[in-house]
Amino acid sequence: MKQYLFFIDLPLLEKAFYFLAEETLMKKPRIAYEQIGEEDILEARHNAQGEIEFKKSNKSSAQLILNEIRKYDTYPGYGGDEEKLFYHYHNLFEISIVLSGEGYYFAEGRCIKVQAGSIVAFNGLVPHAWIADKENPPRLKTFKFYQNLFLENEIEEEQWKLINDYLSTFTVIDLHGKEAEKSFTILQLMYEEYINKNKGYRECIRNLLLVFLVYIMRQDINGQENTKKRGHHTEIENAVKYMKNNFHLNLALEDVAKVVYMHPNYFSAVFKKAYGISFIDYMNRLKVSMATELMESTQLPIPEIAMRCGFTSLSNFYRVFKSVQGISPAKYIKQLKF
């Protein structure tokens, strides 16, 4: 594979529900047909007419993720003739079920072959790409949701803890054959609820999604098990995964170092050597990147966005946001209409 082109996709969600379900055909991303340079990072957004528009991005956090993707120049299990992968990421959890056809997903150095009956899920901030079989491209039902779909005051405390604990651990999940059958049925029911929108459909979707997560947890295919299978992730890479999944908790360097069993001072030095910036700078860029996604995909007020992205004070949020983006949060929101 040659150099990867990275872009950000922001799908439209049902207002105030943080959830989207749609049936699609896996095909070559439209961005592949644009005249784009190898080093460009693009943002893809839906305009008022529902059409996708692209613009170049200078987000430093996106460049860091692009550098992570470029660590992988081969993908065991893939023998196709494609020369380039078109990656994207978003601050949404994504689940896809394959109704028919064949294709490949790529994430974290893995190649996942899918066919009818397969299920693939990606946590937020996990960059992923795909290649469809040219003669028999997969038809998919795809579900995208924010963790806010499960609001603490709308489900029981035990369920809330279960959801948050699990969604903060896994990165990529793939199910095939018999191991996917029950989950496939659950997701089909969830799709019908979303399309029909009968009375109480939102509650049904939340409950079905909860059952789906319980099933995949029981099958012991969480992020830790997947990491063991891949076997090529370093402690620093695992630390970055933890940071991405828990950025909203206002993590300190000591918190993350403890997760990967490293002394804070040593972890700090190794992290800066690996990523070229300090732990604090990386966390700030990550939080600001998430803040911009919330600005682009929700109508939340700025104080609420700051809190959800792990900032302990509004003044600190304004200071950090401007240092990363070069403009204030308010000006950034005004510029979103393009």
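Everything below is about the structure printed above this text.
Rules and cut-offs
- Residues numbered from 1 in each chain as written.
- Predicted model: local features only at pLDDT ≥ 70, side-chain atom pairs only at ≥ 80, totals over all residues.
- Heavy atoms only, no water.
- Helix = DSSP H or I, 4+ residues; strand = E, 2+ residues; numbered from the N terminus.
- Buried < 20%, exposed > 50% of the residue type's maximum accessible area, 1.4 Å probe, protein only.
- Contact = heavy atoms within 4.5 Å.
- Areas by Shrake-Rupley, 256 points an atom, 1.4 Å probe, with all protein chains shown as cover.
- Expected span 1.5 Å × (residues − 1).
- Pairing = 2+ DSSP bridges.
- Salt bridge = Lys/Arg side-chain N within 4 Å of Asp/Glu carboxyl O.
- 1 Å grid on protein atoms, 1.4 Å probe; cavity = no way out; pocket = protein on both sides within 12 Å on 5 of 7 lines; lining within 4 Å.
- Points joined across faces, edges and corners; volume = space filled by probe spheres on them.
- Nonpolar A, V, L, I, M, F, W, Y, C, P; charged D, E, K, R; others polar.
- Axes fitted to C-alpha atoms, helices over the stretch in contact; angles between N-to-C directions.
- Polar contact = N/O pair within 3.5 Å; in protein donor to acceptor, adjacent residues only side chain to side chain.
- Parallel < 35°, antiparallel > 145°, perpendicular 65-115°, else oblique.
- Left-handed = near helix turned anticlockwise from the far one by under 90°.
- Core = buried A, V, L, I, M, F, W, Y, C linked by side-chain atoms within 4.5 Å.
- Phe/Tyr/Trp six-rings, centres within 6.5 Å; stacked < 30°, edge-to-face > 60°.
- Lys NZ or Arg CZ within 6 Å of the ring centre and 35° of its normal.

A. Just the overall build of the chain, in detail. For the chain, the helix and strand inventory stands at 12 helices and 12 strands. Here the chain holds 338 residues, and the buried ones make up 51% of them. Relative to all contacts within the chain whose residues are 6 or more apart in sequence, the contacts with residues 24 or more apart total 73%. Summed over all atoms, the accessible surface of the chain reaches about 16600 Å², with 49% contributed by carbon and sulfur.

B. Fine view of helix 4 (residues 201-218). Between its first and last C-alpha atoms helix 4 spans 26 Å; for 18 residues at 1.5 Å apiece the expected length is 26 Å, and the two agree. By the burial criterion, the buried members of helix 4 are Tyr-201, Ile-205, Arg-206, Leu-208, Leu-209, Leu-210, Phe-212, Leu-213 and Ile-216.

C. Region of the structure containing the pairing of strand 9 (residues 119-122). Taking every second residue as pointing to the same face, both faces of strand 9 are buried, with Ile-119 and Ala-121 on one and Val-120 and Phe-122 on the other. Here strand 6 (residues 93-100) runs beside strand 9; their pairing, made up of 4 bridges, is antiparallel. From the neighbouring strand, Ile-97 faces strand 9, where its bridge partner is Ile-119. Looking at chain direction, strand 9 and strand 12 (residues 172-175) are connected through 4 bridges and run antiparallel.

D. Highlighting the pattern of salt bridges. One pass over the structure, following the stated rule, counts 5 salt bridges. Taking the shortest distance from any N to any O, the salt bridge between Arg-110 and Asp-174 comes out at 2.6 Å. With Arg-110 in strand 8 (residues 110-115) and Asp-174 in strand 12, the pair connects residues that are 64 residues apart, well separated along the chain. Using a relative accessible area of 16% as the deciding quantity, one classes Arg-110 as buried. The class of Asp-174 is buried, set by a relative accessible area of 19%.

E. Summary view of unusual backbone geometry. You will see that Glu-108, though not glycine, has its phi angle at about 55°, which is positive. Positionally, Glu-108 belongs in the loop between strand 7 (102-107) and strand 8. Exposure remark for Glu-108: the relative accessible area of 13% places this residue in the buried category.

F. The arrangement of empty space enclosed by the protein in detail. Taken as a whole, this structure holds 3 cavities of 30 Å³ or more when the rule is applied. Looking at the lining of the largest cavity, the elements that each hand over two or more residues are helix 1 (60-69) and helix 6 (235-245). Here the lining of the largest cavity gets 5 residues from one element, more than from any other, and that element is helix 6. Here the lining of the largest cavity is built from residues that sort into 9 nonpolar, 5 polar and 6 charged.

G. Representation of the sheet that holds strand 8 in the model. With antiparallel pairing, 3 strands are arranged side by side in an open sheet as 8-7-10. Only two strands of the sheet have a single neighbouring strand rather than two, namely strand 8 and strand 10 (129-132). In this sheet, adjacent strand axes meet at a mean angle of 20° when their direction is disregarded. Strand direction decides the pairing type here: strand 7 and strand 8, joined by 6 bridges, are antiparallel. Among the inter-strand pairings, Tyr-104 is bridged to a residue of strand 8, identified as Lys-113.

H. Structural detail: the side chain of Thr-171. Here Thr-171 lies in the loop between helix 2 (157-167) and strand 12. Reaching out from Thr-171, the side chain makes a polar contact with the side chain of Glu-108 at a distance of 3.2 Å.

I. Focus on the sheet that holds strand 6. If you walk across this open sheet you meet the 5 strands as 2-11-6-9-12, and the pairing is antiparallel. The strands lining the two open edges of the sheet, one partner per strand, are strand 2 (19-25) and strand 12. Between one strand axis and the next, the sheet turns by 15° as a mean value, whatever way the strands run. The pairing of strand 6 with strand 11 (residues 139-145) spans 7 bridges and is antiparallel. Note that in strand 11 the partner of Ile-95 across the bridge is Phe-143.

J. Up close: the packing of helix 3 (residues 178-196) against helix 4. Relative orientation of the contacting elements helix 3 and helix 4 amounts to 165°, with a least axis distance of 9 Å. On the basis of their axis angle, the class for helix 3 and helix 4 is roughly antiparallel. Here helix 3 runs over helix 4; the crossing is left-handed. Each of Lys-182, Ser-183, Ile-186, Leu-187, Leu-189, Met-190, Glu-193 and Tyr-194 in helix 3 lies in contact with helix 4, whose residues at this interface are Tyr-201, Cys-204, Ile-205, Leu-208, Leu-209, Val-211, Phe-212, Tyr-215 and Ile-216.

K. Here's a closer look at the nonpolar core. Counting 84 residues, the largest nonpolar core has Phe-19 and Phe-267 as the members making the most contacts within it. With 9 residues, the top contributor of residues to this core is helix 9 (residues 279-297). Residues contacting Phe-267, with those up to four places away along its chain left out, are Ile-236, Ala-239, Leu-253, Val-256, Ala-257, Val-260, Met-262 and Phe-279. Of all hydrophobic cores here, the second largest spans 13 residues; its members include Tyr-105, Ala-107, Ala-132 and Leu-140.

L. Structural view of the packing of aromatic side chains. Inspection of the entire model under this criterion finds 17 aromatic pairs. With a centroid separation of 5.0 Å and 65° between ring planes, the pair formed by Phe-311 and Phe-317 is classed as edge-to-face. By relative accessible area, which is 0% here, Phe-317 ends up buried. Each member of the aromatic cluster is reached from another via a ring pair, and the members are Phe-311, Phe-317, Tyr-318, Phe-321 and Tyr-332. Note that Lys-197 overlies the ring of Tyr-194, its terminal NZ or CZ placed 3.8 Å from the centroid. For the cation-ring pair, Lys-287 lies above Phe-311, with the distance from its terminal atom to the ring centre recorded as 5.2 Å.

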